[in-house]
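Fold and contact review
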Amino acid sequence: MKIRLLRVAAVCALLATMGIVQAAGNIEAGKKKAASCNTCHGEDGQGINPTPPLAGLTEEYFTRQMNAYKTGKRENAMMEAFARPLSDKDLADMAAYYAALPKPCGDGGAPAPTTTGTGEVIGDIDAGKRKAAKGGASSCNGCHGLHGRGDPLNPRIAGLATGYFIHEMNDYKTGAREHLMMQVVVQDLNEKDMADLAAYFASLR
Ligand code: HEC
Ligand code: HEC
């Protein structure tokens, strides 16, 4: 009787472990697989201007972006080439690895640049701050949170490089990057708005 109970407990424990590993991916395996990614995305996925950081992205967001590159819902020839050979298991492992890393540009991190390579200032930070709050619940801050820190449903946008930020906004506008909500949001923004918003969010940590 005792032995049977022990056996049941062991099987339950084994199943539970398998369940967790399957759902969440394997962080150690993900770290190995992501080594080549980090040559562009920075040490521990902290980002290298203008290549976006991957550290701290939720598993859901990471996996959805990688699949969007694969299918062309998010157009980028280079990332499509990197994403295509990866299996669901590879993606789950990498997603677990990046999600476990601390988010970049946290308190004390270096502020992202708000100037171009030639030193030209992009956008007006104060104007961007006002625009980010305009519209209350349906504003940028309404979804991305005060200070752009994000939450499990909306990605962190604080500290994104201005070049990347403006590029993504334009991609939502043309449909090169598909996402119903963001595609609606950007329709009302002109180039100046995007530059101001980019400068403001890049200035946040
Ligand atoms: C040669 C440089 C390079 C390499 C190597 C690279 N990436 Fe990227 N990655 C980029 C650039 C540039 C972008 C921005 C593309 C865009 O505008 O959609 C990007 C975007 C991404 C994004 C979207 C980030 C976001 O915030 O939406 C993810 C996720 C990503 N890469 C994962 C990976 C993974 C995983 C690997 C390794 C298998 C990898 N990348 C390898 C350059 C690279
Ligand atoms: C209704 C909620 C909502 C609002 C309002 C909103 N966003 Fe977003 N935003 C999202 C979601 C969700 C995503 C992820 C979309 C995807 O998967 O492509 C996103 C993605 C982004 C990205 C791409 C992030 C990355 O790492 O590639 C940027 C930049 C961005 N939003 C900026 C803004 C700005 C600026 C505003 C205000 C003008 C705004 N958003 C308003 C929900 C919102």
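These notes cover the structure that comes with them.

Cut-offs and rules
- Residues numbered from 1 in each chain as written.
- Chains lettered and ligands numbered in written order.
- Predicted model: local features only at pLDDT ≥ 70, side-chain atom pairs only at ≥ 80, totals over all residues.
- Heavy atoms only, no water.
- Near = heavy atom within 4 Å.
- Polar contact = N/O pair within 3.5 Å; in protein donor to acceptor, adjacent residues only side chain to side chain.
- Helix = DSSP H or I, 4+ residues; strand = E, 2+ residues; numbered from the N terminus.
- Nonpolar A, V, L, I, M, F, W, Y, C, P; charged D, E, K, R; others polar.
- Buried < 20%, exposed > 50% of the residue type's maximum accessible area, 1.4 Å probe, protein only.
- Contact = heavy atoms within 4.5 Å.
- Axes fitted to C-alpha atoms, helices over the stretch in contact; angles between N-to-C directions.
- Parallel < 35°, antiparallel > 145°, perpendicular 65-115°, else oblique.
- Left-handed = near helix turned anticlockwise from the far one by under 90°.
- Donors = N, O, S within 2.8 Å, 3.2 Å for Na, K, Ca; no water.
- Tetrahedral: all angles 85-135°; square planar, octahedral: opposite > 155°, others 65-115°.
- Core = buried A, V, L, I, M, F, W, Y, C linked by side-chain atoms within 4.5 Å.
- Salt bridge = Lys/Arg side-chain N within 4 Å of Asp/Glu carboxyl O.

1. Comments concerning the site of ligand 2
Neighbouring ligand 2 are 23 residues, the closest being Cys 140, Cys 143, His 144, Tyr 164 and Met 182. Within the side chain of Arg 64, a nitrogen or oxygen atom sits 2.9 Å from an oxygen atom of ligand 2. A distance of 2.9 Å separates an oxygen atom of ligand 2 from a polar atom in the side chain of Gln 65. When residues of the shell around ligand 2 are traced back to their parent elements, those giving at least two are helix H4 (59–71), helix H8 (140–144), helix H9 (162–174) and helix H10 (180–186). At 4 residues, H9 tops the list of elements feeding residues into the shell around ligand 2. Residues of the shell around ligand 2, tallied by class, amount to 15 nonpolar, 6 polar and 2 charged.

2. What to know about the environment of Ala 34
Checked against the element boundaries, Ala 34 lands in the loop between helix H2 (27–33) and helix H3 (38–41). A residue is classified by how much of its surface remains accessible, and Ala 34, at 0% relative accessible area, is buried. For the pair Ala 34 and Ala 95, spaced 61 residues apart in sequence, the C-alpha to C-alpha distance is 9.6 Å. When near neighbours in sequence (up to four residues on either side) are disregarded, Ala 34 contacts Met 94, Tyr 97 and Tyr 98.

3. Observations concerning the packing of H9 against helix H11 (residues 191–203)
For any two helices packed against each other, the geometry comes down to the angle between their axes and how far apart the axes lie. Running from N to C, H9 and H11 point in directions that differ by 135 degrees, and their axes come no closer than 9 Å. Classed by the angle they form, the pair H9 and H11 counts as oblique. In this structure, the crossing between H9 and H11 has a hand that is right-handed. Taken together, the residues of H11 that come into contact with H9 (itself represented by Thr 162, Phe 165, Ile 166, Met 169, Asn 170 and Lys 173) are Met 194, Ala 195, Leu 197, Ala 198, Ala 199, Phe 201 and Ala 202. When grouped by side-chain class, the residues that make up the contact of H9 with H11 number 10 nonpolar, 2 polar and 1 charged.

4. Remarks on the coordination of the iron atom of ligand 1
Protein-derived coordination of the iron atom of ligand 1 comes from His 41 (NE2) and Met 79 (SD), at a distance range of 2.0 to 2.3 Å. For the iron atom of ligand 1, the 6 donor atoms in the first shell make angles of 87 to 178 degrees at the metal, a pattern classed as octahedral. Linking His 41 in helix H3 with Met 79 in helix H5 (residues 77–83), this pair joins segments that are 38 residues apart in sequence. With respect to class, His 41 is no different from Met 79; both count as buried.

5. A look at the nonpolar core
The biggest cluster of nonpolar side chains holds 18 residues, and the ones touching the most others in it are Phe 165, Met 169, Val 186, Leu 189, Leu 197 and Phe 201. Breaking this core down by element, the ones donating at least two residues are H9, H10 and H11. With 5 residues, the single largest contributor to this core is H11. Leaving out residues up to four positions away in the same chain, Leu 197 has contacts with Gly 128, Lys 131, Ala 132, Cys 140, Phe 165 and Leu 189.

6. Quick notes on the pattern of salt bridges
For the coordinates displayed, the defined rule picks out 10 salt bridges. Note that Asp 196 is salt-bridged to Lys 192, the shortest N-O span being 2.8 Å. With a gap of 4 residues between them, Asp 196 and Lys 192 both fall in helix H11, about one helical turn apart. Given a relative accessible area of 1%, Asp 196 falls into the buried group.

7. Brief notes about unusual backbone geometry
Backbone geometry places Asp 44, a non-glycine residue, at a positive phi of 50 degrees. The residue Asp 44 is located in the loop between H3 and H4 in this model. The residue His 147 is not glycine, and still its phi comes out positive at about 70 degrees. Locating His 147 in the fold gives a position in the loop between H8 and H9. Assessed through its relative accessible area of 38%, His 147 is described here as partly exposed.

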